[in-house]
Amino acid sequence: MFLWPLLLVLAPISVQSDWLSIDMPYYAYEGNQVVVRCSGRDNNKIKRLTFYKDGAWLPAYYNTYIISNARPSDSGSYYCKAKRKVFLFIDDTEQTRSAWLTVRELFPAPQLTTRPLQPTEGASVTLSCGTQLPADRSETQLRYSFYRAGYTLRSDWDSPEFWISEIWKEDSGYYWCEARTVSHSVSKQSQQSYIQVQRIPVSGVLLETQPQRDQVVKGETLVLVCSVAKGTGKTRFSWHREGTRESLGQKSQRSQRAELEMPVIWESHAGRYYCTADNGYGLIQSEAVNVTVRIPVSRPVLTFSVPGAQALTGDVVELRCEDKRASPPILYRFYHENVPLGHTSAPFGGGASFNLAVTARHSGTYACEANNGLGAQRSNVAVLHVAEFPPKVRLMNGPHHCEGRVEVEKEGRWGTVCDDGWDMKDVAVVCRELGCGAAKHAPAGMLYLPVAEEDQPVFIQVALCNGTEETLAECEQVETFDCGHDEDAGTVCEAFKPSSF
């Protein structure tokens, strides 16, 4: 009879009482640490303490259960039980009231947005990783990462925006972002967004030259510039010359403009050129540009129309200045003793002339200058000799006007001179009168074939020159009495070379 009540006393019972209490927050944010503590009025009497969530047992250390990184799934009803010693072998089980814990979301999963929504190649794009912290956690620092097709674009960035300076068609794909706390306790990814980069086909292909003209100077550098008015992405540029099949050069680059340099231009490079551009939507060709190669003037050549640069007073002498290879138009200037005489032009190239009615004062040095806009060049100096009076003597049938059979003029007729007493003094006077060089020989006139006609007179039998006279007419003379053409006198003077530079 007494055993049954005793067993009832010894049997463990679970009673919710104020003897055992639970201490924990009512809410927390995900990522926070949550500490759940249970304690009794006399903890020394607690033999065992267990924690429960929604009725399920939780592993705990002594009187504390710690949630190190709270998640929304940790929300629920928490309580604990304690087995305490009542008397001797009598134990009692105490249970706390239930405490509800709510784990709040620290921030929602971010949303990735792009500006602009449909970017074109070459444009900049801004990726925004948007999320929001609660007002009472606004000081929480977040870090952002951006990804494309498994590749990290930017990691642990302190800004929710990421700027891509240039985007290309091959950059099309799936993009997403991730926001997380500095401690990495909370990390959330956005949904993937597909970005389609638009490519603009090329149009308005234009070929230009540098320098910016259709003429280039021989020996200079020519740059062919191929550009497009519209077009994005990697464009393949190619340069061509009409009439040839092969390409002068090719370049593939992300640009609306490309250059091809031709380091040294020659005359053979003249022609019509064009370029093409293609970014995958079809090849577009420019209009052709005609390139003319201009040749600068070189040192021109100055010549006189009179033989041996010997003229007489009253003669009209043609001064001819010429550069055969320079590109037209060419302006020629003529100088006498470095004083300008005048100018004339050659609109179609070649040489130009300047006519001059000479007097004795026109003897001296002459030069000419050529200029076609690419720089002037001056000729070498040439010397013109102008005799004040026509000579009354000439040398016939020689290799030049300073050698031959001697003839003199009287009353409009020309006759020969007999070689009686003909010596180097006489030769020196003839050479001086003709403006030739020094006297060299006094040969027989018959050496210079053909001989004089039989009806041609012999005007001088003997010339008695002392060698200082200016003309043969100044020498004392003996008229003919018995001299035939087989005794005609000859003269050899040092000749001036034609003044041609």
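The structure presented is a predicted model; accordingly, all values stated were derived computationally and were not measured. (Residues numbered from 1 in each chain as written. Predicted model: local features only at pLDDT ≥ 70, side-chain atom pairs only at ≥ 80, totals over all residues. Heavy atoms only, no water.)

Topic: the overall build of the chain
Right, on to step 1. Of regular secondary structure, the chain possesses 2 helices and 44 strands.
Right, on to step 2. Its C-alpha radius of gyration of 59 Å places the chain more than 25% over the 23 Å reference for a compact globule of 501 residues.
Right, on to step 3. In terms of overall dimensions, the chain has C-alpha extents of about 205 × 45 × 35 Å along its principal axes.
Right, on to step 4. Here the chain holds 501 residues, and the buried ones make up 42% of them.
Right, on to step 5. For the chain, the share of sequence-separated contacts (at least 6 apart) that also reach a separation of at least 24 residues comes to 63%.
Right, on to step 6. Summing over all exposed atoms, the chain offers an accessible surface of approximately 27600 Å²; the carbon and sulfur share of this is 51%.
Right, on to step 7. If you average the places of the 50 positive and of the 59 negative side-chain charges in the chain, the two averages end up 26 Å apart. (Helix = DSSP H or I, 4+ residues; strand = E, 2+ residues; numbered from the N terminus. Rg over C-alpha atoms; globule rule 2.2 N^0.38 Å. Buried < 20%, exposed > 50% of the residue type's maximum accessible area, 1.4 Å probe, protein only. Contact = heavy atoms within 4.5 Å. Areas by Shrake-Rupley, 256 points an atom, 1.4 Å probe, with all protein chains shown as cover. Lys, Arg positive; Asp, Glu negative; His and termini not counted. Charge placed at Lys NZ, Arg CZ, Asp CG, Glu CD.)

A word on the pattern of salt bridges
Right, on to step 1. Throughout the structure, instances matching the rule amount to 19 salt bridges.
Right, on to step 2. Of the charged contacts in the structure, one is a salt bridge between Arg 115 and Glu 161, with a shortest N-O distance of 3.4 Å. One end of the pair, Arg 115, is in strand β11 (residues 111–115); the other, Glu 161, is in strand β15 (residues 161–164), and 46 residues separate them in sequence.
Right, on to step 3. Residue class for Arg 115 comes out partly exposed when judged on its relative accessible area of 43%.
Right, on to step 4. A cluster of three or more residues bridged by salt bridges with shared partners is formed by Glu 121, Glu 170, Arg 199 and Arg 254. (Salt bridge = Lys/Arg side-chain N within 4 Å of Asp/Glu carboxyl O.)

Let's talk about the sheet that holds strand β21 (residues 222–230)
Hydrogen bonding along the main chain pairs the strands of a sheet, whether they run parallel or antiparallel.
Right, on to step 1. On the basis of which strands lie adjacent, the open sheet formed by 3 strands has the order β19-β21-β24 and antiparallel pairing. In the strand order of this sheet, the two ends are held by β19 (203–210) and β24 (257–262), each with one partner. For this sheet, the mean angle separating the axes of adjacent strands, direction not counted, is 15 degrees.
Right, on to step 2. One ladder, built from 7 bridges, connects β19 with β21; its direction is antiparallel. Opposite Thr 209, over in β21, you have Leu 224 as the bridge partner. (Pairing = 2+ DSSP bridges. Axes fitted to C-alpha atoms, helices over the stretch in contact; angles between N-to-C directions.)

Some thoughts on the domain arrangement of the chain
Right, on to step 1. Taken domain by domain, the chain holds domain 1 (13–104), domain 2 (111–195), domain 3 (207–292), domain 4 (301–387) and domain 5 (392–493).
Right, on to step 2. On a C-alpha basis, the centres of domain 2 and domain 3 stand 42 Å from each other.
Right, on to step 3. Opposite the 4 residues of domain 2 that make contact, domain 3 presents 4 residues.
Right, on to step 4. Of the roughly 400 Å² buried at the junction of domain 2 and domain 3 (both faces included), carbon and sulfur atoms supply 48%.
Right, on to step 5. Taken as a group, Glu 121, Trp 168 and Glu 170 account for 88% of the area that domain 2 buries against domain 3, more than any other trio of residues on that side.
Right, on to step 6. At the junction of domain 2 and domain 3, the tally comes to 1 salt bridge.
Right, on to step 7. We note a salt bridge from Glu 170 to Arg 254, for which the minimum N-O separation is 2.2 Å.
Right, on to step 8. Tallied by class, residues from the side of domain 2 that touches domain 3 come to 1 nonpolar, no polar and 3 charged. (Domains from an automatic or database assignment. Buried area = accessible area lost by both parts, 1.4 Å probe. Nonpolar A, V, L, I, M, F, W, Y, C, P; charged D, E, K, R; others polar.)

Details of the layout of surface pockets
The probe, sized like a water molecule, is rolled over the atoms to show the empty space still left.
Right, on to step 1. Taken as a whole, the largest pocket spans an internal volume of roughly 300 Å³.
Right, on to step 2. Lining the largest pocket are 13 residues, and of these Gln 310, Ala 311, Leu 312, His 401 and Leu 434 lie nearest its centre.
Right, on to step 3. Secondary structure elements with two or more residues in the lining of the largest pocket: β29 (310–312) and β36 (382–387).
Right, on to step 4. Of the residues contributing to the lining of the largest pocket, the split by class is 7 nonpolar, 4 polar and 2 charged.
Right, on to step 5. Taken domain by domain, the makeup of the lining of the largest pocket includes at least three residues from each of domain 4 (301–387) and domain 5 (392–493). (1 Å grid on protein atoms, 1.4 Å probe; cavity = no way out; pocket = protein on both sides within 12 Å on 5 of 7 lines; lining within 4 Å. Points joined across faces, edges and corners; volume = space filled by probe spheres on them.)

Overview of the packing of aromatic side chains
Right, on to step 1. Within the structure shown, the criterion is met by 8 aromatic pairs.
Right, on to step 2. When the ring of Tyr 147 is compared with that of Trp 176, the centres are 5.8 Å apart and the planes differ by 20 degrees; the resulting orientation is stacked. Here Tyr 147 is found in strand β13 (residues 142–148), whereas its partner Trp 176 is found in strand β16 (residues 173–181), with 29 residues between them in sequence. Each member of the pair, Tyr 147 as well as Trp 176, is classed as buried.
Right, on to step 3. Relative to Phe 354, the ring of Phe 334 has its centre 5.5 Å away and its plane inclined at 25 degrees; by these criteria the two rings are stacked. Of this pair, Phe 334 sits in strand β31 (residues 330–336) while Phe 354 is found in strand β33 (residues 350–357), placing the two residues 20 residues apart along the sequence. (Phe/Tyr/Trp six-rings, centres within 6.5 Å; stacked < 30°, edge-to-face > 60°.)

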